[in-house]
Amino acid sequence: MNESSPPSSRLLDAIRSPADLKALPADHLPQLAQEIRQEIITVTARNGGHVGPNLGVVELTLALHRVFNSPEDQFVFDVAHQGYVHKLLTGRGGSFFHRLRQSEGASGFLYRKESPHDAFGAGHAGTALSAALGMATARDLRGSDEHVVAVCGDAAFTCGITLEALNNIVSSTKRLIVILNDNEWSIAKNVGAISSYLNRISTSKTYNKLHHDVEAFFKSFPAGAEMNRVYLKWKRETKDFFVESSLFEKFGLRYLGPVDGHNLDALVKNLEFAKHCDVPVLIHVLTKKGKGLPAAVTSPEKFHGASPFDPETGESKQSAPGTPPNYQDVFGRALVRFAQADRRIVGITGAMPSGTGLSHLAKEVPGQFFDVGIAEEHAAIFAAGLATKGIRPVVAIYSTFLQRAYDPIIHDVCLQNLPVTFCMDRAGLSPNDGPTHHGLFDLAYLRCVPHAVVMQPKDEDELVDMLHTSLQHNGPAFVRYPRGAGVGVPLKAQPATLPLGHAEVLREGSNIMIWALGNMVQDALRLAARLAAEENISVGVVNARFVKPLDRALLLSHAACIPLIVTMEDHVLAGGFGSAVLEALQESDCPAAVERIGWPDRFVEHGSSTEVLRAAYGLAPDDIHRRVLARWRNLRAESVPAGT
Ligand SMILES: Cc1ncc(C[n+]2csc(CCOP(=O)(O)OP(=O)(O)O)c2C)c(N)n1
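Being a predicted model, the structure only gives us computed values, none of them experimental. Throughout this description, residue numbers start from 1 for each chain and increase along the sequence as written. Side-chain atom pairs in this predicted model are given and counted only at pLDDT of 80 or more, local residue features only at pLDDT of at least 70, and totals for whole chains, interfaces and linings cover all residues. The side-chain figures draw on all heavy atoms in the structure; neither hydrogens nor water molecules are used.

K.L.:
I'm lost on the site of the ligand in this one. Help?
P.N.:
Near the ligand you find 23 residues, and of these His81, Ala125, Asn183, Trp185 and Glu376 are the closest. The backbone of alanine 156 places a nitrogen or oxygen atom 3.4 Å from an oxygen atom of the ligand. Summarising the interface, the protein chains cover 98% of the accessible area of the ligand, which totals 580 Å² for the free molecule. Of the residues belonging to the shell around the ligand, the class tally is 11 nonpolar, eight polar and four charged. Start and end points for every domain follow an automatic or database-based domain assignment. When residues are assigned to domains, the shell around the ligand turns out to be shared by domain 1 (12-191 + 245-298) and domain 3 (336-480), each giving three or more. Near residues are defined by distance, with any heavy atom within 4 Å of the molecule or strand qualifying the residue. Counting of polar contacts relies on pairs of N or O atoms within 3.5 Å, with two restrictions inside protein: one atom must be capable of donating a hydrogen and the other of accepting it, and residues adjacent in sequence are counted only when both atoms are side-chain atoms. Where accessible areas are quoted, they stem from the Shrake-Rupley method and a 1.4 Å probe; at the residue level, only the protein chains shown are allowed to cover. Charged means Asp, Glu, Lys or Arg here, nonpolar means Ala, Val, Leu, Ile, Met, Phe, Trp, Tyr, Cys or Pro, and polar covers whatever is left, Gly included.

K.L.:
Is there a simple way to explain helix α4 (residues 58-67) in this structure?
P.N.:
Working note: α-helix, 3.6 residues per turn, so residues spaced by three or four point in the same direction. Burial analysis of α4 places nine of its 10 residues in the buried class, the great majority of the element. Only protein chains enter the accessibility calculation, which uses a 1.4 Å probe. A residue is then buried if its area is under 20% of the maximum for its type, exposed if over 50%, and partly exposed in between. Secondary structure follows DSSP: runs of H or I at least 4 residues long count as helices, runs of E at least 2 residues long count as strands, and numbering of each begins at the N terminus. For α4, every residue scored as buried is listed here: Val58, Glu59, Leu60, Thr61, Leu62, Ala63, Leu64, His65 and Val67.

K.L.:
Looking at this structure, I do not really get the pairing of strand β16 (residues 564-572). What am I missing?
P.N.:
Within a regular strand, side chains alternate between the sheet's two faces. Burial analysis of β16 places nine of its nine residues in the buried class, the great majority of the element. Relative to β16, strand β13 (residues 512-516) is paired through five bridges, and the arrangement is parallel. Looking at β16, one finds that methionine 513 is bridged to isoleucine 565. Of the pairings in the sheet, the one linking β16 to strand β17 (residues 593-599) comprises six bridges and is parallel in character. If DSSP finds at least two bridges between two strands, the strands pair.

K.L.:
Quick question: what am I supposed to make of the sheet that holds strand β7 (residues 369-371) here?
P.N.:
Within a sheet, adjacent strands bond to each other through the backbone by hydrogen bonds, running parallel or antiparallel. If you trace the seven strands from one edge of the open sheet to the other, you get β7-β6-β8-β9-β11-β10-β15, paired in mixed fashion. Edge positions in the sheet fall to β7 and β15 (546-548), since each of these pairs with one other strand and no more. Adjacent strand axes in the sheet meet at a mean angle of 20°, parallel and antiparallel pairs treated alike. As defined by bridge partners, strand β6 (residues 345-349) adjoins β7 across three bridges and the pair is classed as parallel. Each residue of the ladder has a partner; that of glycine 347, found in β7, is phenylalanine 369. Axis lines are fitted through C-alpha atoms, for helices just across the contact stretch, and the angle between N-to-C directions can take any value from 0 to 180 degrees.

K.L.:
What am I meant to see in the domain arrangement of the protein here?
P.N.:
Accessible area lost when the parts come together is the quantity often used to give the size of an interface. What the domain assignment reports for the protein is domain 1 (12-191 + 245-298), domain 2 (205-242), domain 3 (336-480) and domain 4 (504-639). Computed over C-alpha atoms only, the centres of domain 1 and domain 4 are separated by 45 Å. With both chains or domains summed, domain 1 and domain 4 bury close to 370 Å², and 39% of this area falls on carbon and sulfur atoms. Note on definitions: buried area is the accessible-area loss of two parts on being combined, 1.4 Å probe, summed for both. Broken down residue by residue, the surface that domain 1 buries against domain 4 is led by Arg101, Gln102 and Ser103, which jointly contribute 75%. Counting every contact that joins domain 1 to domain 4 gives four residue pairs in polar contact (both at pLDDT 80 or more).

K.L.:
What's the story with the nonpolar core in this structure? I'm lost.
P.N.:
Here is a general trend for soluble globular proteins: nonpolar side chains tend to be buried in one another's company. By convention a nonpolar core is built from buried Ala, Val, Leu, Ile, Met, Phe, Trp, Tyr and Cys residues, the set being connected through side-chain atoms within 4.5 Å. Counting residues in hydrophobic clusters, the biggest one holds 64 residues, and the most contacted among them are Leu32, Ile36, Leu62, Leu64, Ile179 and Ile283. The greatest single-element share of this core, amounting to eight residues, is contributed by helix α2 (residues 29-47). What isoleucine 283 contacts, discounting residues up to four positions off in sequence, is Ile177, Val178, Ile179, Leu180, Leu256, Val259, Asn270, Leu271 and Ala274. In terms of nonpolar packing, the next biggest core, distinct from the first, is built from 52 residues, Val372, Ile397, Leu443 and Ala559 among them. The contact criterion used is simple: two residues touch if any of their non-hydrogen atoms lie within 4.5 Å.

K.L.:
What is the right way to look at the environment of proline 495 in this model?
P.N.:
Mapping proline 495 onto the fold places it in the loop between β11 (477-480) and β12 (504-507). When its relative accessible area of 16% is taken as the criterion, proline 495 is described as buried. Sequence separation between proline 495 and glycine 373 is 122 residues, and the spatial gap between their C-alpha atoms is 31 Å. Leaving out residues up to four positions away in the same chain, proline 495 has contacts with Phe338, Val464, Asp465 and His468.

K.L.:
What exactly am I supposed to notice about the packing of aromatic side chains here?
P.N.:
Remark: the centre distance and the inter-plane angle together describe each pair of aromatic rings, the angle taken between the planes. For Phe, Tyr and Trp, where Trp contributes only its six-membered ring, two rings pair if their centres lie within 6.5 Å, and the inter-plane angle classes them as stacked under 30 degrees, edge-to-face over 60, or tilted in between. One pass over the structure, following the stated rule, counts 15 aromatic pairs. Pairing phenylalanine 68 with phenylalanine 75 gives two aromatic rings, centres 6.1 Å apart and planes at 80°, and the pair type is edge-to-face. Given a relative accessible area of 0%, phenylalanine 68 falls into the buried group. What makes phenylalanine 75 buried here is its relative accessible area of 2%. Ring centres 6.1 Å apart and planes at 35° place the aromatic pair phenylalanine 331 and tyrosine 481 in the tilted group. Residue phenylalanine 331 is found in helix α15 (residues 327-341), and its partner tyrosine 481 is found in the loop between β11 and β12; the two are separated by 150 residues along the sequence. Connected via pairs of aromatic rings, a cluster forms that spans Phe157, Tyr197, Phe248 and Tyr255. The criterion for a charge sitting over a ring is simple: Lys NZ or Arg CZ within 6 Å of the ring centre, and within 35 degrees of the ring normal. Over the aromatic face of phenylalanine 68 sits the side chain of lysine 275, whose NZ or CZ is 5.7 Å from the ring centroid.

K.L.:
Just checking my understanding: could you explain unusual backbone geometry for this structure?
P.N.:
Trans peptide bonds make up the majority, and among non-glycine residues the majority have a negative phi. A cis geometry characterises the amide bond from serine 70 onward to proline 71, with omega recorded as 10°. Here proline 71 shows up in the loop between α4 and β1 (74-77). With an omega of 0°, the peptide bond between glycine 257 and proline 258 qualifies as cis. Within the secondary structure, proline 258 sits in strand β4 (residues 254-260).

K.L.:
Quick question: what am I supposed to make of the pattern of salt bridges here?
P.N.:
Between side chains of opposite charge, a pair can form when the charged atoms approach closely. The salt bridge definition used is simple: a Lys or Arg side-chain nitrogen within 4 Å of an Asp or Glu carboxyl oxygen. Counted according to the given criterion, the structure contains 32 salt bridges. Notably, a salt bridge pairs aspartate 433 with arginine 101, separated by 3.0 Å at the nearest N-O pair. Of this pair, aspartate 433 sits in the loop between β9 (421-424) and α21 (442-446) while arginine 101 is found in the loop between α6 (94-98) and α7 (128-142), placing the two residues 332 residues apart along the sequence. Here aspartate 433 matches arginine 101 in class, with each residue buried. Glutamate 184 serves as the salt-bridge partner of lysine 189, at 3.1 Å between the closest nitrogen and oxygen. Residue class for glutamate 184 comes out partly exposed when judged on its relative accessible area of 36%. Among the charged side chains, a network of salt bridges with common partners joins Lys458, Asp459, Glu462, Glu504 and Arg545.

Structure below.
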């Protein structure tokens, strides 16, 4: 290591590119690591974000950028929620990073369009290995020479896609570096057989002691690379002895590790070695999620993706007094009651017990709770299997992650008309997270599937009714609801069974009828009141409840006598609720005027809040008011005969 005078000011402020990092004397790196941790804590405490995963990869990311040359060499981060350190080292620090997850600021994930250093974008888990393998194979085909490094968490190995890629590596390339960042945690504690296997490798005391002793022995020789090769060969061949078999070696990868993920020297050495290997290599790196923030180390689940917190104590910033309970908690508690009353009811999560509210079930009725890992396809088919034997599975998956389970939804659940309930949290915008996490496509991909019943409640009490209704229904049902707090309505003691395919008229009107879905119902009621008060227009509001089956009878009765139908949905217009209304009217040859309010055919970026993003897309309440009023006035003008 170069010795140099101790740095006085913040080193981080002088790092504008990986070249600046490379120029830094090695003995300054611990201070830089500390400054990076402090920066991440300061910014996530204010903006919220993935504090734990990022605090765990500070040394790993520093080592990657010391050894490789980004952007020529390419890093593919799985989920890309642990990319903050990478951002800070690639010219995205300062005020851009201070606006992390805010409008005009750094995204919470990696995007090819945000920086040339983001080789591959992500937000969903399990894609890194396939993407990196594709990039490495393209390199081989093109005859270029760059390195490709995939950085995958231990939970990524619960994803089918990761295992599919693993199966394909040796037949596709000779040069790929995979970093297994093993912190033993998914969002909750990692689950499943692979997680237990990794734990056995990491903790086999006999093996690790022997490995350290022998490493010290080999290091006592000045022979360098040759000795290192002999040592690694020994290590590979003895590992099977102590930890059954090295799974990764069976897939044809050279296994290196486990390596202390907070020891920069060890990381750099292993990466340097991997760089010169002529076979694909997996480096098993052990890291501590949340390192540097004691509260995050003791509560890794809470600090995986934290809302704003006190940087000193780690205490969450309290939501404003009187904030209604979150949809996810209302759902989770209702499911506990239903499951306690009916032992056939079980809850299934794909590695997200707290995010979906299923942690309530895990705690209260653990025998009826399953965490299957980040495995949405498996979750859906597992549920289908359970349903064939009379079990009533409730699969709770965010709308965006349910996209993974599309084929199982069609092929395994709906085709066989099995009674599985899917509860889709985060349907609609997930503003700070951005396009990988917005749940804006589910209506389009679900309402075309035969047998599917698709619904969205107007408030949290109706969510409980819909969960109850779906559990009475002898077929597949999908309930979507938004992120965050409910409306604040009281919850009935006993849920109601809703008649399938029946909408609810909340306000009568004779000029305009707004058909609103879910969280748009409250906006619709405010819009109707305003148009009535300010413009003297008679505006009714329907709570659609069901997108499929749609309440065609009510819709046609409105279209027959009300001049303008407005649809409102927190979903893309293409294929959504408004499209369902148009199709129903067209199929009945009903020439009604329809104004559809929803998201355009665009990937909506991240932003500071739902309000900010709605305003950016002309969907703020004032914008909608202007549009509906203009359409109404046009219709009126068209209906008045010329010359009068
Ligand atoms: C398909 C999909 N399902 C669920 C998630 C939610 N999710 C985000 S990160 C994460 C856990 C990742 O754990 P790991 O890969 O071990 O990385 P770590 O956070 O521990 O660094 C999960 C389940 C997701 N991003 N994508």
